[in-house]
Amino acid sequence: VALLQQIGVVMGVYALARHWGRTVALPCALISLVIIVPTIGLTALGWVGAVALGLLGMAVALDGRRISDPRRAGRYVLLGGVLLGFALLYRLDLILAVGLAVLVMLRGLDRARAKRLLGGVALGASPYIIQLATAGRDGQAAPGPRGGAGRRRRDLVRGAMRPPARRSGGAE
C-alpha cells in the first residue's frame, strides 16, 4: 500500500506538471519522489494516500476540462471528483485544500461538468454518512448489540468505571 501511495503522489505531480511539457514534468516528479520517500522507508501514511488521491483527482478533473467531447469530459470530471472525495476519506483535514481546488476547477466549467464534479466529490465522500449514522450522537454509543466498547468508553468518561489503581509496595 505504501508503494502505491508514493507512486500515486509522483504520478499526480507528473500529470499536473505535464501541461508545461515533459522537460518540466519529469524534474517535478523526481523532486516529489525525493521529498515523499520517508527516511523510515516504505510506510503507509494517511497523508501520503490522501495527497496522492487529491493530486490524481485534480489531474483527471483538469483533463476533463480540456476534452471537447462532452460525454467523455463528463466522465473524466466525475472520476476526478470521486478521487477528490476519496482523498477526504483518507484525511478529512484536507477539506480546505480539496475545497479550494474544486473552486478553482469550477471556474470556467459549463453547468453540466460543474454538476458532475460536485456530484463526484459528494459521491466519493458519501461514506462519511455511514460513519455519522453509526457513530452515535452526544457521546452516546449508537444502538447495537450489547453496547460493546462504546458503552464502556462512555461509562469511563462519566466516571462509572474507574481505571485500576496502581499497586504500591513490594519489589518491582
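Conventions adopted
Numbers given for residues are sequential positions, taken from 1 along each chain in its written order. Reporting of local features is limited, given that this is a predicted model, to residues whose pLDDT is at least 70; pairs of side-chain atoms are given and counted only at 80 or more, and all residues count toward the totals for whole chains, interfaces and linings. Water and hydrogen atoms were dropped before computing side-chain values, which therefore reflect all heavy atoms in the structure. Exposure above 30% relative accessible area and no salt bridge define the residues that can form patches, which grow by joining like charges within 9 Å and nonpolar side chains of Val, Leu, Ile, Met, Phe, Trp and Tyr within 5 Å. Note on areas: Shrake-Rupley, 1.4 Å probe, and residue coverage restricted to the protein chains presented here. Throughout this description, the term salt bridge denotes a Lys or Arg side-chain nitrogen within 4 Å of a carboxyl oxygen of Asp or Glu. Here a strand is any run of E in DSSP of at least two residues, a helix any run of H or I of at least four, and the numbering for each starts at the N terminus. Three labels apply to residues, based on accessible area from a 1.4 Å probe with only protein chains included: buried if under 20% of the type maximum, exposed if over 50%, partly exposed otherwise in between. Expected helix span is taken as 1.5 Å per residue step, with the number of steps being one fewer than the number of residues. What makes two residues a contact is simply this: any of their non-hydrogen atoms within 4.5 Å. Note on terminology: a nonpolar core comprises buried Ala, Val, Leu, Ile, Met, Phe, Trp, Tyr and Cys residues joined through side-chain atoms within 4.5 Å.

A. Quick peek at a nonpolar patch on the surface. A contiguous nonpolar surface patch, about 530 Å² in accessible area, is contributed by Leu3, Leu4, Ile7, Met11 and Leu42. When you line up the elements, Ile7 lands in helix α1 (residues 2–17). Ile7 gets classed as partly exposed once you look at its relative accessible area, which sits at 41%.

B. Looking closely at α1. Taking 1.5 Å of rise per residue, 16 residues should cover 22 Å, and α1 covers 23 Å from first to last C-alpha, within 8% of that figure. Ala2, Gln5, Gln6, Gly8, Val9, Val10, Gly12, Val13, Ala15 and Ala17 are the residues of α1 that are buried. Looking at the buried residues of α1, the elements they touch are α2 (22–36), α3 (46–66) and α4 (70–90).

C. Focus on the environment of Val1. Relative to the helices and strands, Val1 is located in the segment before α1. We classify Val1 as exposed; its relative accessible area is 70%. Considered as a pair, Val1 and Gly49 are 48 residues apart in the sequence and their alpha carbons are 8.8 Å apart.

D. Representation of the nonpolar core. Judged by nonpolar contacts, the single largest core of 15 residues is most densely connected at Leu84, Leu88, Leu94, Val98, Val102, Met105 and Leu117. If sequence neighbours within four positions are ignored, Leu94 has contacts with Trp47, Ala50, Val51, Ala87 and Leu88. With six residues, the next largest nonpolar core counts Val9, Val13, Ile36 and Ala52 among its residues.

E. Molecular detail of the side chain of Gln5. Tracing the sequence through the fold places Gln5 in helix α1. The contacts of Gln5, once residues within four sequence positions are left out, are Thr43, Ala44, Leu45, Val48, Gly49, Ala52 and Tyr90.

F. Seen up close, the pattern of salt bridges. Evaluated as defined, the whole model comprises three salt bridges. Notably, a salt bridge pairs Arg91 with Asp93, separated by 3.0 Å at the nearest N-O pair. Given a relative accessible area of 28%, Arg91 falls into the partly exposed group. Between Asp110 and Arg113 there is a salt bridge, with the nearest N and O atoms lying 3.9 Å from each other. Relative accessible area serves as the criterion here: at 40%, Asp110 is assigned to the partly exposed category.

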